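A structural walkthrough
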Amino acid sequence: TNAKMETVPQAPRCGVCSKVPKEFQIVSCCKRVFCKDCISVVTADKKLCPQCEAADYNVFSSVTDESLSSVEGHSYGSEPPLDERTGGYEYIDCPNRCGQYILKDEQSVHLASSCPKREFTCQYCNFKATYEIVSNDHWPQCPFYPVPCPNACGIQAIERGDLDAHLLQ
């Protein structure tokens, strides 16, 4: 059993916090994976790559990005590299084209729970669209969305469509 466990590659870890990134970034200089937030914080003051300390590099959220495939000495084409930097795991672009680059094995989790372009139904009125549209465009005007009373009467959740009638009471 131990020999079998040793052959399972580990998911790539952030070069700063050592966690498996949810939204990862890859640096062009050494192809190291970082969390989006970690790379932003670490490079805010010191502009050097936190892994190899290169001064001249780019940060990408997808190794299939054309600009990364043209980095000197690297030619990835349309497929991501499978090497020790990614732990042998294959990354793919989200099939919903949300712009995130995900572990192929975690595609179903991403599509079901974190992709902003996943199909989503408003739990208040059953309107169907992408999560991005429901949360950004629909909920601010959904007549069944619960809102607090602006008069601070103590009612914490009134359906938006009933708010005018409530305020007249």
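Look above for the structure.
The structure displayed is predicted, hence computed values, not measured ones.

Looking only at helices and strands, one finds six helices and nine strands in the protein chain. Contacts in the protein chain between residues at least 24 apart in sequence constitute 23% of all its contacts with a sequence separation of at least 6. For the protein chain, the accessible area works out to roughly 11000 Å², and carbon and sulfur atoms hold 48% of it.

If you look at the biggest cluster of nonpolar residues, it comprises nine residues: Cys-14, Val-27, Cys-30, Phe-34, Cys-35, Cys-38, Ile-39, Cys-49 and Tyr-57. Contributions of two or more residues to this core are made by β2 (33–35) and α2 (36–45). In contact with Phe-34, not counting residues within four places along its chain, are Cys-14, Gly-15, Val-16, Pro-21, Glu-23, Phe-24, Gln-25, Val-27, Ile-39, Pro-50 and Gln-51.

As a further point, take the packing of aromatic side chains. In the structure shown here, the tally under the stated rule is five aromatic pairs. For the ring pair Phe-120 and Tyr-131, a centre distance of 4.9 Å and an interplane angle of 85° mean the geometry is edge-to-face. Of this pair, Phe-120 sits in strand β6 (residues 119–121) while Tyr-131 is found in helix α5 (residues 131–138), placing the two residues 11 residues apart along the sequence. Given the relative accessible area of 19%, Phe-120 is considered buried. An aromatic cluster is built from Phe-120, Tyr-124, Tyr-131, Trp-139 and Tyr-145, whose rings are joined through pairwise contacts. A cation over an aromatic ring shows up here: Arg-118 above the ring of Tyr-131, its NZ or CZ 4.3 Å from the ring centre.

This part is about the environment of Pro-140. Mapped onto the fold, Pro-140 is located in the loop between α5 and β8 (146–147). Sequence-wise, Pro-140 and Arg-160 are 20 residues apart; in three dimensions their C-alpha atoms are separated by 9.3 Å. Sequence-distant contacts of Pro-140, defined by excluding residues within four places in its chain, comprise Ser-135 and Arg-160.

Quantified by volume, the largest pocket comes out at close to 280 Å³. Along the walls of the largest pocket sit 15 residues, with Pro-21, Lys-22, Ile-102, Glu-106 and Ser-114 positioned nearest its centre. Listed by contribution, the elements that provide at least two residues to the lining of the largest pocket are β5 (101–103) and α4 (107–114). Residue contributions to the lining of the largest pocket peak at four residues, all from α4. Residues belonging to the lining of the largest pocket are distributed by class as follows: eight nonpolar, four polar and three charged.

On to the sheet that holds strand β1 (residues 24–27). Reading across the sheet, the three strands line up as β2-β1-β3 and stay open at both edges, with antiparallel pairing between neighbours. For this open sheet the edge positions go to β2 and β3 (59–60), each flanked by a neighbour on one side alone. For β1 and β3, the ladder comprises two bridges, and the chain directions are antiparallel. The residue bridging Ile-26 from the neighbouring strand is Phe-60, located in β3. The sheet strands contacting α2 are β1, β2 and β3, and the helix crosses β2 at an angle near 90°.

It is worth spelling out a nonpolar patch on the surface at this point. Side chains of Val-16, Val-41 and Val-42 sit close together on the surface and give an oily, nonpolar patch of about 230 Å² of accessible area. Take Val-41: it is sitting in helix α2.

Of the two faces of β1, the one carrying Phe-24 and Ile-26 and the one carrying Gln-25 and Val-27 are both buried. Bridging between β1 and β2 involves three bridges; their strand directions are antiparallel. Within β2, the position partnered with Phe-24 by the bridge is Cys-35. Between β1 and β2, which pair antiparallel one after the other, the connecting turn spans five residues, and Lys-31 there sits at a positive phi close to 60°.

Rules used in this analysis
Residues numbered from 1 in each chain as written. Predicted model: local features only at pLDDT ≥ 70, side-chain atom pairs only at ≥ 80, totals over all residues. Heavy atoms only, no water. Helix = DSSP H or I, 4+ residues; strand = E, 2+ residues; numbered from the N terminus. Contact = heavy atoms within 4.5 Å. Areas by Shrake-Rupley, 256 points an atom, 1.4 Å probe, with all protein chains shown as cover. Core = buried A, V, L, I, M, F, W, Y, C linked by side-chain atoms within 4.5 Å. Buried < 20%, exposed > 50% of the residue type's maximum accessible area, 1.4 Å probe, protein only. Phe/Tyr/Trp six-rings, centres within 6.5 Å; stacked < 30°, edge-to-face > 60°. Lys NZ or Arg CZ within 6 Å of the ring centre and 35° of its normal. 1 Å grid on protein atoms, 1.4 Å probe; cavity = no way out; pocket = protein on both sides within 12 Å on 5 of 7 lines; lining within 4 Å. Points joined across faces, edges and corners; volume = space filled by probe spheres on them. Nonpolar A, V, L, I, M, F, W, Y, C, P; charged D, E, K, R; others polar. Pairing = 2+ DSSP bridges. Axes fitted to C-alpha atoms, helices over the stretch in contact; angles between N-to-C directions. Patch = residues over 30% accessible without salt bridge, like charges linked within 9 Å, V, L, I, M, F, W, Y side chains within 5 Å. Salt bridge = Lys/Arg side-chain N within 4 Å of Asp/Glu carboxyl O.

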